[in-house]
Amino acid sequence: MATGIKDKVVILGMGCSKFGERWESSPADLMVEAFEECLADCGIERNQIEAAWFGAGIDAFNVGSSALPLSIALRLNYIPVTKVENMCATGTEAFRGAVYAVASGACDIALALGVEKLKDTGYGGLPQRTRGVENDMYWPNLSAPGAFAQLASGYRAKHHLNKDDLKRAMAHVSVKSHANGAKNPKAHLQREITEEQVVNAPFIAEPIGLFDCCGVSDGSACAIVTTPEIARSLGKENLVAVKALQLAVSNGTESSHDSWDGSYLKTTRIASHRAYAEAGIRKPLEEITMTEVHDCFSITELVTMEDLGLAEEGKGVNAVLDGNFDADGKNPCQIDGGLKCFGHPIGASGLRMIYENYLQLQGRAGARQLANPKLGLNHNLGGFPHQNICSISIVGPLT
Amino acid sequence: MTGITAYGVYIPRARLSKQAVAEANAWFDASLLSLGKGERSICNWDEDSITMAVEAARACLACMGDHAIDALYLASTTFPFLDRQNSVIVSEALSLDRTQRTMDIGASQRAATSGLIALLESEHKGNTLLVASEHRRSKAGSRAELLWGDAAACVALGSQNVIAEVVGIETLADDFIDHYRGEEAEFDYDWEERWIRDEGFMKSVPLVVDTLLNNSGVTSEEIDFFILPTDQARTPMGLAQKLGIEGDGVVDNQLASVGVAGAAQSILLLAKALEAAKPGDLILLIGFGQGCDAILLRATDAIASFKPVRGVSAALLARREETNYNKFLSFNRLIERDIGKRGEVDRQTYLSGYNRRKDLLTGFIGGKCRECGTVQIPRENYCVNPECNALDSQDPYSFADKKGTVMTWTADRLTFDWNPPAYFGMVQFEGGGKLMMDFTEVEEGSIDSGSIVSMHFRIRQFDSQRGFRKYFWKAVIEE
């Protein structure tokens, strides 16, 4: 009988580069920046790392394939390095590999690092790329905002909302994240915005406008994980433990079976249920004190809060407008600015979320420090509403 | 005896204002202003002779019930492929039987009438289709640009439920070069209009028609419909007078509403005549080009009860005005539009992979599970029903004629599209199944969740690097 990951592995240290349009920085520069912070935080030497998981989402515009770019950039000591790619869930996927390796006893100390260099394409937005030989023959040529705009239209139809009401709630999501990002020196976007700016911005993919989209950023984040015993032996206190690590991957039901209506994210519902069970959470609304969710677009965050059980189904608009997820709300969301403002270097995002939770739980989040954080939930969504990968991790104080 | 049993036509929805064309070009040719009245049909960026042929043939087949088709001939001078049989693509998009005879007939403005004669004189026992489709390119600011249009038409031939029977057929083969397009040329090269009229139409057509009428025992006064495809406005009437045909029998070439649809014009106008014909009416159909074909048809009693699914009159009404001449130039590659870096992505088609998915891509065939009855598209190894998931359990199931409902949608302005924004979304089909797919012909504000859509075979992408184009099915909002 599987017992789950809860409290078996702790975070020894973490690092995160400044996110943004890092024109002057190579992928290796970004990796080193995150790694150096992480090593210093851990207080260990590079050669104590026994295995590594390397996440990069988009090969063609990034570092290329395989684990080599990480091993070379960090001059790792010929240890096993595994390259992982699972779209926007890539960072959490790398973390999952490292955590499972430690939990299994295969190694004592493991590294997870994600990186993405998105600003070498020559144009804004995510790179245009292949979906595979067969999909390319008939899939619409959908951009990421185009894909997630589907969620807005499906959600609006299901709950009989008018366009303006939904757009206003979407605007609040972005205004909140910009306010949070303004307090984060590592964030890509650090300026506050107004609801009017969001509503009046040009459409990218109706109803998603410019300010409904997250930043497309260069960046890297990493974690070194170990067992609670080793962390203590290294003199670490206030240990942050992994409480749950779940992944749910679409099997084609949403895209091809009549049972899905396009108004929610089936994978998020499934992964969150499993994660709550693994972490022993019965009342998420009360027990989870902060969330970092995959706000690639404002509508994604709004619907995700329902799918996580942090807002009632169909009432996400009210929950958002009531300020439930604002920094001073009941369940602060994206306290670091989120994908929206911290930025979204695909392969690094999952680790960036855990990084923020880790800092908050250790009381090291500076101007944006929450009063009494307990459990932090991180949510990634790779792909499209109708076909996606959802990863959820929950971290909290070791008990 | 074999005769015409059904017909269907297709005229692209977009109708370009000729005034817009004339005004844009009058700075160098003021005479264009005299042609700047009315409109002409223009292909959308995702239409060509193949997609229009499919639409015309579907309209024709829809009149016919479940008749098997033994042969499909496609006539055009603008085949998208010079070496890949275009009629086979049309046939597969129609999911016709693979044992049928197919043929492309081109290289002349009388390609369609010659194809029609070949089928009428053939030994086919069953039903056959003659489809004619044309998407001609002409130089920007040319008279042709204002006189031509894009369209397709289809006639079904057979021996049962004949609505027009053959009275006689004649042909004159004569290398009279009114215009030509050589292997290396992008556009037609033509000679003086008055010479073409006097030495071409006025001489060769009477030669053939006189013989035809003599052999058929019919006098010219008896002709009820005279079809002379040409972009010369006055020539049909002049020729009718010379032949002794009543003036009101001349079938209008639709210069002010559609434009002359090249090799498809004869069949398009035949469909127009059939729509108006009464039992016993005589139709004289001419095809002109390197000589001339003449086909004399007589409407039967069955024409009185024949109802086309889409004839010329219905096709004329399904229109959308286009006043943006630049859009027309861009769609026809007459200017090089900046497509942005997202448009630069390589669009290679991997032919082996394409071949594996041909039933989906061309036929729009999905699957129906024998175990649980769930219909689905695309058809994969395991049934998509979570309660079933049976292996290799799906029979082919066509979605081409299924209506759907828009479940989700967007207008994407970030992604590359020849006619942005790119509309796409999830379509839920009647009877089950759903697919994320492109929409086409969307007018701003006309789409929302709940809109009803029908399926249409269109161009999906161009691979300009390799001269290939991909086709797939798209959703069109039903009016």
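Keep in mind the model is a prediction, meaning the values are calculated, not measured. (Residues numbered from 1 in each chain as written. Chains lettered and ligands numbered in written order. Predicted model: local features only at pLDDT ≥ 70, side-chain atom pairs only at ≥ 80, totals over all residues.)

Colleague: Where do I start with the overall build of chain B in this structure?
Modeller: For chain B, the helix and strand inventory stands at 12 helices and 22 strands. At 23 Å, chain B has a C-alpha radius of gyration in line with the 23 Å of a compact globule built from 479 residues. Across the 479 residues of chain B, 51% fall into the buried class. For chain B, the share of sequence-separated contacts (at least 6 apart) that also reach a separation of at least 24 residues comes to 73%. (Helix = DSSP H or I, 4+ residues; strand = E, 2+ residues; numbered from the N terminus. Rg over C-alpha atoms; globule rule 2.2 N^0.38 Å. Buried ≥ 20, exposed ≤ 12 C-beta atoms within 10 Å, placed from the backbone. Contact = placed C-beta atoms within 7 Å.)

Colleague: Just to check I follow, could you spell out the overall build of chain A for this structure?
Modeller: Along chain A, the regular secondary structure elements total 15 helices and 11 strands. Here the C-alpha radius of gyration of chain A, 19 Å, is about what a compact globule of 399 residues would show, namely 21 Å. Taken along the three principal axes of its C-alpha coordinates, chain A extends 60 × 45 × 45 Å. Every one of the 399 residues in chain A was classed for burial, and the buried ones make up 62%.

Colleague: Looking at this structure, how should I read the domain arrangement of chain B?
Modeller: Accessible area lost when the parts come together is the quantity often used to give the size of an interface. Residues and elements named next belong to chain B. Its domain assignment divides chain B into domain 1 (3-331) and domain 2 (347-364 + 399-477). Between domain 1 and domain 2, the C-alpha centre-to-centre distance is 29 Å. Listed per partner, the contact involves 16 residues of domain 1 and 15 residues of domain 2. The residue makeup of the side of domain 1 that touches domain 2, split by class, is 6 nonpolar, 3 polar and 7 charged. (Domains from an automatic or database assignment. Nonpolar A, V, L, I, M, F, W, Y, C, P; charged D, E, K, R; others polar.)

Colleague: Just checking my understanding: could you explain unusual backbone geometry for this structure?
Modeller: In this model, E206 of chain A is joined to P207 of chain A through a cis peptide bond whose omega is 5°. Within the secondary structure, P207 of chain A is located in the loop between β5 (203-205) and β6 (208-209). Cis geometry marks the peptide bond from P420 of chain B to P421 of chain B, where omega comes out at 0°. For P421 of chain B, the location among the structural elements is in the loop between β18 (404-412) and β19 (422-429). The phi dihedral of H160 of chain A is positive, around 50°, even though this residue is not glycine. With respect to the secondary-structure elements, H160 of chain A resides in the loop between α5 (144-158) and α6 (163-181).

Colleague: Help me out: how do you make sense of the interface of chain A and chain B in this one?
Modeller: Residue-level contacts link 33 residues of chain A with 40 residues of chain B. Listing elements by their share of the side of chain A that touches chain B, those giving two or more residues are α4 (135-138), α5, β5 and α9 (253-256) of chain A. Among the elements that take part in the side of chain A that touches chain B, α5 of chain A stands out by supplying 7 residues, more than any other. Among the residues making up the side of chain A that touches chain B, the classes are represented as 13 nonpolar, 16 polar and 4 charged.

Colleague: Please explain the sheet that holds strand β14 (residues 320-322) of chain B as it appears in this structure.
Modeller: Each strand in a sheet pairs with its neighbour through backbone hydrogen bonds, running either in the same direction (parallel) or in the opposite one (antiparallel). All names here are of chain B. Sheet architecture is open: 3 strands sit in the order β3-β2-β14, paired in mixed fashion. Bordering the open sheet on either side are β3 (39-41) and β14, each of which pairs with just one other strand. Neighbour-to-neighbour, the strand axes of this sheet turn through a mean angle of 35°, independent of strand direction. Contacts from helix α1 (residues 18-25) reach β2 (14-17) and β3, with the element oriented near 40° to β2. (Pairing = 2+ DSSP bridges. Axes fitted to C-alpha atoms, helices over the stretch in contact; angles between N-to-C directions.)

Colleague: Just to check I follow, could you spell out the sheet that holds strand β11 (residues 225-227) of chain B for this structure?
Modeller: All names here are of chain B. Spatially, the 9 strands line up as an open sheet ordered β5-β4-β6-β7-β1-β8-β13-β12-β11, and their pairing is mixed. Each edge of the open sheet is held by one strand with a lone partner, namely β5 (101-105) and β11. For this sheet, the mean inter-axis angle between neighbouring strands, taken without regard to orientation, is 20°. In terms of strand pairing, strand β6 (residues 127-134) meets strand β7 (residues 151-158) through 7 bridges, oriented antiparallel. Within β7, the residue paired with V131 across the bridge is C154. Contacting β1 (3-10), β4 (69-75), β6 and β7, helix α2 (residues 49-61) crosses the sheet at an angle of about 130° to β1. Contacts between helix α4 (residues 111-120) and the sheet are confined to β4, β5, β6, β7, β8 (164-173), β12 (282-288) and β13 (291-299), with β4 contributing the most and set at about 160° to the helix.

Colleague: I tried to follow the pairing of strand β2 (residues 51-55) of chain A on my own but got confused; where do I start?
Modeller: The side chains of a regular strand alternate, first on one face of the sheet and then on the other. Residue and element names in this part refer to chain A. In terms of burial, β2 is a largely internal element, 5 of the 5 residues being buried. The two faces of β2 match: A51, W53 and G55 on one face and A52 and F54 on the other face are all buried. Both β2 and strand β4 (residues 110-116) contribute to a ladder of 5 bridges, which runs parallel. Among the inter-strand pairings, W53 is bridged to a residue of β4, identified as A112. One ladder, built from 4 bridges, connects β2 with strand β3 (residues 81-84); its direction is parallel. Opposite A52, over in β3, you have V81 as the bridge partner.

Colleague: How should I be thinking about the packing of α2 of chain B against helix α3 (residues 86-93) of chain B in this particular structure?
Modeller: Residue and element names in this part refer to chain B. Orientation of α2 relative to α3, taken along the N-to-C sense of each, is 45°, at an axis distance of 9 Å. Put simply, α2 runs oblique to α3. Seen from above, α2 lies across α3 with right-handed handedness. In this structure, α2 uses I50, A53, V54 and A57 to contact α3, whose residues at the interface are N86, I89, V90 and A93. A class-by-class count of the residues in the contact of α2 with α3 yields 7 nonpolar, 1 polar and no charged. (Parallel < 35°, antiparallel > 145°, perpendicular 65-115°, else oblique. Left-handed = near helix turned anticlockwise from the far one by under 90°.)

Colleague: Hey, could you run me through the environment of I346 of chain A in this one?
Modeller: All names here are of chain A. Mapped onto the elements, I346 comes out in helix α15 (residues 346-361). Remark: the alpha-carbon pair of I346 and N184, spanning 162 residues in sequence, is separated by 19 Å. Once you skip the residues sitting within four places of it in the chain, I346 turns out to touch G57, I58, C88, T90 and E116.

Colleague: Please explain the packing of α5 of chain A against helix α12 (residues 298-307) of chain A as it appears in this structure.
Modeller: Each pair of packed helices can be described by the angle between their axes along with the distance between the axes. Residue and element names in this part refer to chain A. The contact between α5 and α12 brings their axes to 8 Å, and the two run at 50°. It follows from the interaxial angle that α5 and α12 lie oblique. With respect to the hand of their crossing, α5 and α12 are arranged in left-handed fashion. Contacts from F148, L151, A152 and Y155 in α5 reach I299, T300 and V303 in α12.

Colleague: Explain the environment of V406 of chain B to me, please; I cannot follow it from the model alone.
Modeller: Residue and element names in this part refer to chain B. By secondary structure assignment, the location of V406 is in strand β18. Given 22 C-beta atoms within a 10 Å radius, V406 is considered buried. Between the C-alpha atom of V406 and that of G363, which follows or precedes it by 43 residues, the distance is 21 Å. Discounting chain neighbours no more than four positions away, the residues touching V406 are G425, V427, I447, D448, S449, G450, S451 and V453.

Colleague: Looking at this structure, how should I read the confidence of the model for chain B?
Modeller: Detailed reading of the predicted coordinates is not advisable wherever pLDDT falls low. Summarising the model, chain B shows a mean pLDDT of 97, and 100% of its residues fall at 70 or more. With pTM at 0.96, the complex prediction returns an ipTM value of 0.94. (pLDDT = per-residue confidence, 0-100.)

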